[in-house]
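# Inside the fold
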Amino acid sequence: MKELLEKTESIKQKFDRELADSVLEVSIRANQCIVDELRGDDSMCQALSEIMEPEINKIKEDAVAAVKEYDILCAVKSFRDLGVGDNQIKELLVKNHRLSFAVAEKYL
């Protein structure tokens, strides 16, 4: 497992790296107890972090987008509860959430 991780780390070509990362991911899932042991090794932990960074970043981006969408939907509901009209809500969404008018329209 350690050898596979080290070899994967040295691959520079994007496509080859993606294939190697896929193999490594399957291997990690199949050998969870070995991965737990490697977590104690700082260099291996760093290598695992680098390999998983794109997936971690994607999860973070998705979470931020979901929170932003929820916040916008809550704002729209609050404005409607206060009797604010759709045109004014749209203008506020554009101004305060930096949305285009077309995207703001979809939240109404």
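This text gives an overview of the structure that appears in the document.

Reading the values: the criteria
Numbering of residues begins from 1 in every chain and follows the order in which that chain's sequence is written. Since the coordinates come from a predicted model, pLDDT governs what is reported: local features require at least 70, and pairs of side-chain atoms require 80 or more to be given and counted, while whole-chain, interface and lining totals use all residues. Computation of side-chain values: all heavy atoms of the structure, hydrogens and water removed. Starting at the N terminus, helices and strands are each numbered in turn, a helix being any DSSP run of H or I of at least four residues and a strand any DSSP run of E of at least two. Only protein chains enter the accessibility calculation, which uses a 1.4 Å probe. A residue is then buried if its area is under 20% of the maximum for its type, exposed if over 50%, and partly exposed in between. Any N or O atom pair separated by 3.5 Å or less is treated as a polar contact, with the protein-specific requirement of one donor-capable and one acceptor-capable atom, and with residues adjacent in sequence counted only for side-chain atom pairs. Note on contacts: a residue pair is in contact if any heavy atoms of the two residues lie within 4.5 Å. One speaks of a salt bridge when a side-chain nitrogen belonging to Lys or Arg is within 4 Å of a carboxyl oxygen belonging to Asp or Glu.

## A word on the side chain of K90
- When you line up the elements, K90 lands in helix α5 (residues 86-97).
- A residue is classified by how much of its surface remains accessible, and K90, at 16% relative accessible area, is buried.
- At 2.5 Å, the side chain of K90 forms a polar contact with the side chain of E105.
- Once you skip the residues sitting within four places of it in the chain, K90 turns out to touch F101, A104, E105 and L108.

## Structural notes on the pattern of salt bridges
- Throughout the structure, instances matching the rule amount to four salt bridges.
- The salt bridge involving D62 is made with K58; its shortest N-O contact spans 2.8 Å. In this pair, D62 and K58 are both assigned in helix α4 (residues 42-81), four residues apart and thus about one turn of the helix distant.
- The class of K58 is partly exposed, set by a relative accessible area of 45%.
- For R80, the salt bridge goes to D86, with nearest N and O atoms at 2.9 Å.
- According to the relative accessible area criterion, R80 is partly exposed, its value standing at 39%.
- D86 gets classed as partly exposed once you look at its relative accessible area, which sits at 37%.

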